[in-house]
Amino acid sequence: MTAYEPVIGLEIHVQLKTRTKMFCGCALSFGEEPNTRTCPVCLGLPGTLPVTNAQAVQYGIMMGLALGCEIAPRSIFHRKNYFYPDLAKGYQISQYDIPLCLGGRLGDVRIHRIHLEEDAAKLVHVGTSGRIHGSDASIVDYNRGGTPLAEIVTEPDIHSAEQARDWLQLLRETLRQLGVSDVNMEEGSLRCDANVSIRPAGSSELGTKTELKNMNSFRFVMQGINAEIARQTALLEAGEAVVQETLHFDPTSGRISSLRSKEEAHDYRYFPEPDLVPLVPTPEMLEAAQAAIPELPAERSARYERDFELAPDTAYLFSFEPEWGDYFERAADGADARATAIWVTELRSRGGDVPPETLAKLVALVGAKTVTAAAGRTILDTLIAEGGDPAQIAERDGLTALEDSGELEAIVAKVIAEHPDVVERIQGGNAKAMGALVGPIMRETKGRADGGEVNRLLRAALGL
Amino acid sequence: MIELTAAQAAAAIKTGDLDAREYFDVYRERAAADALNAYTWVAEAAPEIDASGPLAGVPVAIKDLFCTEGVPSQAGSKILEGYRPPYTATSVANLQRAGGTLLGKTNQDEFAMGSSTENSAFGPTLNPWDTARVPGGSSGGSAAAVAAGTAPWSIGTDTGGSIRQPAALCGIVGLKPTYGAISRYGMIAFASSLDQAGPFTRDVTDSALLLSAMVGADPCDSTSIGLPGPVELPTRTDLKGIRLGVPAELSGEGIEPGVLAAFNDTLDRARALGATVETMHLPHAPHGLAAYYLIAPAECSSNLARYDGVRYGFRAPGQATLLDMYTATREQGFGAEVKRRIMLGTYALSSGYYDAYYGRAQKVRTLIAKDFTDAWERFDFVVTPTAPGVAFELGAKTADPLAMYVNDVCTVPMSLAGIPAISIPNGLSEGLPTGFQITGPAFSENRILDAAFALEQAIGFDGGKARA
C-alpha cells in the first residue's frame, strides 16, 4: 500500500473590525434588525460610487506587516462579476492580480498573499427547512453587505489536519491581538476554506486539489480535512482519479458533497474597478500601521523560550494569553523566571487577582525554602481571598517551614510508632509503602515540612 | 424674456429687473407644452427660490440619468420606470447650492447608449430645427430643450460625445470637461472611466457660468479632482499667438461636404483673429471608435448588472425561479441597444478574450492619450468638426448600429484621453446646425472657453429660429 502525504493550503476570510463598511459610511452590523445598516451605496442604488475605507486599508497593511508580507507600493481593486441576490451591484469589489500584500510567513507556513474585498449580504431562507432547498422564499438582509474582508491565502505548506488546526489557531490569535478582527469562527468573522490534495510520500509533484468550503470551527476544519484526505486516498487506491471541484463538508453526517465542478466554475470577468483609484500607501500610512502592531504570539513565545528559558508549553500559553504573559514579566522581574512561571500558572488556574509584586514575594519565600510549595499554595489561596503580604500570612497562620529538624524528627517518630503495620510492610521489602507514612506526617506538620527532609528522616529512622 | 441668455437673466434677477419666480414659470409652462418629447418630467410648480447665489434661481433642465431626490430618474429605461431615488447627484446638488432650480428631467438614449435619443424607452426626442430629424444623443432631450428655448440651459453627460454631438446637431454650446472635474456621484453609470457631466447652453458665457457651479472634488467620488482654479467668464476677442492643430484623421474623409465647408470657414475666421492653423496627425485616432466600443460596453456590462429586479425598478412578473426572474426582467426591461452592448461587453471581458479585446483596447486608449500629449508640445488646441454630419432623419440609422456609432468618430478620442472639449455652433449646412469642436489639454477649460468665446463672436451664429 502506498503511503500518501497530504498537501494543504488555506484561504481565510477575516471580517475586519472597522467602524464602517468597506466602501460606504454605514456602521458595521452586529445583529441589528435586517436592512437597517444600509445606504444607497451598499444597496447598489443607481448612480452610487464606492469610496475605500482608510481604516480597512490600515488593518490590511498591519496584517501584512505582522505576517512579514511585502506591502504593494500600488495595488488596485477589480470587479468580480456574477449575479446573485446577496450581491447588490452584480459584482463584488475585490483585489485580483495586484493585491495589497504579497509573500510572508507565520510560524511554519508561508503566506502567498493578502487582499481586501467586501462581504456579500446575507440570504435568509424562509420555511421549515431553513436551507435554500425546500424553502418557501429567500429574503435578503443587506446589513452584512459591504463589510470589509481581508482574504489570507497560504502556500500549500500544511501536511496534516492537526497542523492546519494548530496553525489556524495561531493565525486567529495573531489577528485577535492585532485588534483587526473579532475572529469568531461561529459568527463568521473568521471563515476558512481548505485546498486539499495528496501525493505519494516523497513525491514533489502536487496532486489534483479540491476546495473544501466554509468550515466554521477549528474542529470542523480538522474533521473536514481528514474526511477529504480519506476520500482522496480511497479514490487513488481504487485506481480512480481525484477530480478538481469545490466541496462542502457536512459536520453532522461527516459527509462530503460536491458544490460545483471545474467545468461549472464561474467566469467572473474580472476587470479593474474604474470607480476607484489605485491604493498607494504613503510612508506615513506604513509607519502608522507599523506603530499600531503589538508584540504578536509567535514572537512573544520565542522570546519567552529564549530570554526566560520557559518550557515551550508555558511560553505558548503566555503568548496566547498575553495578559498573563505581561503579568508574568512583571512578577519575574529580577526573579527566578521559571519558578515564577509555575506560580503564575497556579494563579491563572485559580483565576484570582494578586498583584505581581506580591506573587513575586511568594515565589521568593518558596525559593528560599522559608515556606514549602504546599504551604505556598495555601498562602496563594489566602492572597486571592483576602490579599495581604505572603510573609505575614505565613507567620500569622503558622505556615513557615520547620527549620530545626528536632520538631520534625519527633513527629516522624510519633507517626512510625502509630503505624506498626506499615513499618512491617516496609521492612518486609515494600519500600513504596513508605508513602503511607508521609501523608500523616504532612498532616501533622500542616504542610510546613519539606518533602525531601521527611523522606530522609523516615529512611534514617527505619534504617533503609 | 426667453431671448435672454441664462447669464443675462441671472444678472437681471440680481438687479431686480426680472422676477425669478415669474421667469421660472415662463420656462415651466414652455417645458410643460414641449412638443419635442424633450422632457420625461417637468416641475409642477416653482420651488422656493433663493436668488442670492451666482445662478440666481435660473431654472436648469437635467438629463434623466442624474439622480434627483424624489423625482423620477429613469435613465431613459423601462427597467427604471418610475424610479425615484432617495438622494440627489452631487453635480445637481452643487447647481442647486449655487441657486439653480430644477425645471425638469430630459429625455435621453437608454443609459446614455446612442447618438440620436431614439433609444429611449419613452420615445424619441425631435430636433427643433426639423422635427423629422433627431437631436443627436445621448443627451438629446437636454440639447433640444435649450435649442428650442424650453429651458434656459441644461446639463447632460458625455461618454463618447453625448454632450458635444447633440449640441452640434441642435446649434448650441456643449462642453465636456476634463474627466474628474465634476463628480459622477449620482449619475446613473454607463461607462465609469468615460462618463463626465457638462453644460448645454445657448452661448459660451453661459457655459462657463454653469460649469463653474458644477465642478469640484467630491468625497463620494474617488475619481473626482475638480479644477485647479476657479472657472472664469470668457472675455477674449482675438486668438493672437494661438496655435490650432487640425488632425488630418478627423477632418477629411467621412465628413459631409457642407460640414467640412463650415469648418474651413471658421478656420479662416481663426486665422483672421490671429491664430495659426496647421494640419497635424493623431495617428491612433482612427482606432478610437473600435477601442471605445470595447471599453464602454465592457464597463456597462458590469455597471448594468445591478438592474436585476431584486431591489428596485422593474421586475418581470410571474417567474418561478430566480434565474427566470433575472432573465425575464432584463429581457423585458432593457432595450435592444443596451442588450447589444451588454453582450458585446460581456464577451470582451470573458476569460480567454480579455487580452485580445479589453486589454488591447486599453492599450489603444493609452496611445490615443499620448497622441494628444504629443500634440500639446506644438499646439494650444486641436480643432475638428464635432460630428461628421448634420442631424439625420428619425429612423435613418436605427437599423445599422455601425452607421450610428460612426457619429462619434470626432468626439470619442477626447473621451478616451479624458481631456476637455467644447462644441460651439458653427453655422448651417443644408439649413441645419453644424458644430466646431475645440479640444485642449486636461484642466484647460478656462483657455478653451476663452478661445470658444472669441470664435463665437466671429461666427455670429443665431439660434433664434429654433426657439420660434
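For every chain, the first residue of its written sequence is number 1, and the numbers climb from 1 along that sequence. Following the order in which they are written, the chains are lettered starting with A and the ligands numbered starting with 1. In keeping with the predicted nature of the model, local features appear solely for residues at pLDDT of at least 70, side-chain atom pairs appear and are counted solely at 80 or more, and the whole-chain, interface and lining totals rest on all residues.

Chemist: How should I be thinking about the overall build of chain B in this particular structure?
Modeler: Secondary structure follows DSSP: runs of H or I at least 4 residues long count as helices, runs of E at least 2 residues long count as strands, and numbering of each begins at the N terminus. A tally of helices and strands in chain B yields 15 helices and 11 strands. Our radius of gyration is a C-alpha quantity, and the globule rule it is checked against amounts to 2.2 Å times the number of residues to the power 0.38. Computed over C-alpha atoms, the radius of gyration of chain B comes to 21 Å, within 12% of the 23 Å expected from 2.2 N^0.38 for 468 residues, which places it in the range of a compact globule. Overall, the C-alpha framework of chain B stretches about 70 × 55 × 45 Å when taken along its three principal axes. Going through the 468 residues of chain B one by one, you find that 63% of them count as buried. Across chain B, contacts joining residues at least 24 apart in sequence account for 76% of those joining residues at least 6 apart. Residues with at least 20 neighbouring C-beta atoms inside 10 Å of their own are called buried, those with 12 or fewer are called exposed, and the rest are partly exposed, where every C-beta is derived from the backbone. What counts as a contact here is a pair of residues whose C-beta atoms, placed from the backbone, lie within 7 Å.

Chemist: Hey, could you run me through the overall build of chain A in this one?
Modeler: The number of helices and strands found in chain A is 15 helices and 15 strands. For 464 residues, the compact-globule estimate of 2.2 N^0.38 gives 23 Å, and the C-alpha radius of gyration of chain A, at 30 Å, exceeds that figure by more than 25%. Dimensions of chain A, computed from the C-alpha atoms along their principal axes, are close to 95 × 55 × 45 Å. Split into buried and exposed, the 464 residues of chain A put 38% on the buried side.

Chemist: Just checking my understanding: could you explain the confidence of the model for chain B for this structure?
Modeler: Any region with low pLDDT has predicted coordinates that should not be read closely. pLDDT gives the predictor's per-residue confidence on a scale running from 0 to 100. When pLDDT is averaged along chain B, the result is 97; 100% of the residues meet or exceed 70. Predicted as a complex, the structure gets a pTM of 0.91 and an ipTM equal to 0.96.

Chemist: Just checking my understanding: could you explain the environment of B:Phe263 for this structure?
Modeler: Tracing the backbone shows B:Phe263 in helix α7 (residues 257-272). Taking the C-alpha atoms as reference points, B:Phe263 and B:Gly435, separated by 172 residues in sequence, lie 8.0 Å from one another.

Chemist: How do you make sense of the domain arrangement of chain A when you look at a structure like this?
Modeler: Residues and elements named next belong to chain A. Those domain boundaries reflect an automatic or database domain assignment. What the domain assignment lists for chain A is domain 1 (11-186 + 252-290), domain 2 (295-396) and domain 3 (405-462). Put simply, the middle of domain 1 and the middle of domain 2, counted by C-alpha atoms, are 41 Å apart. Opposite the seven residues of domain 1 that make contact, domain 2 presents five residues. Ranked by the residues each element gives to the side of domain 1 that touches domain 2, the list is headed by helix α2 (residues 161-178), at four residues. Each residue receives one of three labels: charged for Asp, Glu, Lys and Arg, nonpolar for Ala, Val, Leu, Ile, Met, Phe, Trp, Tyr, Cys and Pro, and polar for the others, Gly being one of them. Each residue belonging to the side of domain 1 that touches domain 2 can be placed in one class, and the counts come to three nonpolar, three polar and one charged.

Chemist: I'm lost on the nonpolar core in this one. Help?
Modeler: Among soluble globular proteins, nonpolar side chains are generally buried collectively. For this analysis, nonpolar core means a set of buried Ala, Val, Leu, Ile, Met, Phe, Trp, Tyr and Cys residues linked through C-beta atoms within 7 Å. Core analysis: the largest hydrophobic core is formed by 213 residues, its most contacted members being A:Met63 and B:Ala452. Per-element accounting of this core gives the leading share, eight residues, to helix α8 (residues 288-303) of chain B. Ranked by size, the runner-up nonpolar core spans 30 residues in total, among them A:Phe328, A:Leu347, A:Leu359 and A:Leu380.

Chemist: It is not clear to me how the sheet that holds strand β8 (residues 276-280) of chain B should be interpreted in this structure. Could you clarify?
Modeler: Strand pairing in a sheet is mediated by backbone hydrogen bonds. Such pairs are either parallel or antiparallel. Residues and elements named next belong to chain B. The mixed open sheet is built from 11 strands, whose spatial order is β1-β3-β2-β4-β6-β5-β10-β11-β9-β7-β8. Since the sheet does not close on itself, it has two edges, and those belong to β1 (39-42) and β8, each with one partner. Neighbour to neighbour, the strand axes of the sheet diverge by 30° on average, direction disregarded. Note on pairing: DSSP must find at least two bridges between two strands before they are called paired. Of the pairings in the sheet, the one linking strand β9 (residues 381-385) to strand β11 (residues 432-439) comprises four bridges and is antiparallel in character. Its bridge partner lying in β11, Pro 385 is registered against Phe 436. Axis definition: a line fit to C-alpha positions, over the contact stretch in the case of helices; interaxial angles, taken between N-to-C directions, run 0 to 180 degrees.

Chemist: I tried to follow the interface of chain A and chain B on my own but got confused; where do I start?
Modeler: When the parts of a complex come together, some accessible area is lost, and that lost area is often used as the size of the interface. Chain A puts 24 residues into the contact, and the matching count from chain B is 35 residues. Looking at side-chain class alone, the side of chain A that touches chain B contains 14 nonpolar, five polar and five charged residues.

Chemist: Got a minute to help me understand helix α8 (residues 337-350) of chain A in this structure?
Modeler: Each turn of an α-helix holds 3.6 residues, which means side chains three or four residues apart point in the same direction. Residue and element names in this part refer to chain A. To estimate how far a helix should reach, multiply one less than its number of residues by 1.5 Å. A rise of 1.5 Å per residue sets the reference length of α8, with its 14 residues, at 20 Å; its end C-alpha atoms lie 20 Å apart and thus fit the reference within 8%. Within the sequence span of α8, burial applies to Ala 337, Thr 340, Ala 341, Trp 343, Val 344 and Leu 347. Of the residues flanking the end of α8, it is Gly 351, one or two places downstream, whose phi is positive at about 75°.

Chemist: What's the story with the pairing of strand β13 (residues 245-250) of chain A in this structure? I'm lost.
Modeler: On any regular strand, side chains alternate: one points to one face of the sheet, the next to the other face. All names here are of chain A. Looking at chain direction, strand β12 (residues 210-215) and β13 are connected through three bridges and run parallel. Among the inter-strand pairings, Glu 211 is bridged to a residue of β13, identified as Thr 246. In the classification by handedness, the crossover that spans β12, the intervening helix α3 (residues 218-237) and the parallel β13 is left-handed. Relative to strand β14 (residues 255-261), β13 runs antiparallel, the two sharing six bridges. What sits directly across from Thr 246, in β14, is Arg 260. Hairpin geometry of β13 and β14 is characterised by an intervening segment of four residues between the two adjacent antiparallel strands and by a positive phi of about 75° at Gly 254. Viewed with both strands pointing away, a crossover whose connecting path from the first strand over the helix to the second turns clockwise is right-handed.

Chemist: I'm lost on unusual backbone geometry in this one. Help?
Modeler: Most peptide bonds take the trans configuration, and most residues that are not glycine carry a negative phi. Here the bond from B:Gly137 into B:Ser138 is cis, since omega is 10°, no more than 30 degrees from zero. Unlike most non-glycine residues, A:Val183 shows phi in positive territory, near 40°. Here A:Val183 lies in the loop between α2 and β11 (190-200). Even without being glycine, B:Ala75 reaches a positive phi, approximately 50°. Summarising the element assignment, B:Ala75 is placed in the loop between β2 (59-63) and α3 (90-97).

Chemist: Teacher, can you tell me more about helix α10 (residues 336-349) of chain B here?
Modeler: A rise of 1.5 Å per residue sets the reference length of α10(B), with its 14 residues, at 20 Å; its end C-alpha atoms lie 20 Å apart and thus fit the reference within 8%. Within the span of α10(B), buried status applies to B:Val338, B:Arg341, B:Ile342, B:Gly345, B:Ala348 and B:Leu349. Take α10(B) and look down its axis: the buried residues cluster within an arc of 130°, on one side only. Pointing more than 90 degrees away from the buried face of α10(B) are the exposed residues B:Ala336 and B:Met343. Structurally, α10(B) contributes buried residues whose contacts are with β15 (271-272) of chain A together with α8 and α11 (355-375) of chain B. Along the arc lie the directions from the helix axis toward the C-beta atoms.

Chemist: What is the right way to read the environment of A:Leu171 from this model?
Modeler: Residues and elements named next belong to chain A. Examined against the element boundaries, Leu 171 turns out to sit in helix α2. With 26 C-beta atoms packed within 10 Å, Leu 171 lands in the buried category. Along the primary structure Leu 171 and Arg 255 are separated by 84 residues, whereas in three dimensions their C-alpha atoms are 27 Å apart. With sequence-adjacent residues up to four places away left out, Leu 171 is seen in contact with Ile 12 and Leu 106.

Chemist: I tried to follow the environment of A:Met22 on my own but got confused; where do I start?
Modeler: Residues and elements named next belong to chain A. Mapped onto the fold, Met 22 is located in the loop between β1 (4-15) and α1 (54-66). In sequence terms Met 22 and Pro 148 are 126 residues apart; their C-alpha atoms lie 4.5 Å from each other. Aside from chain neighbours lying at most four places away, what touches Met 22 is Asn 53, Ala 56, Glu 118, Gly 146, Thr 147 and Pro 148.

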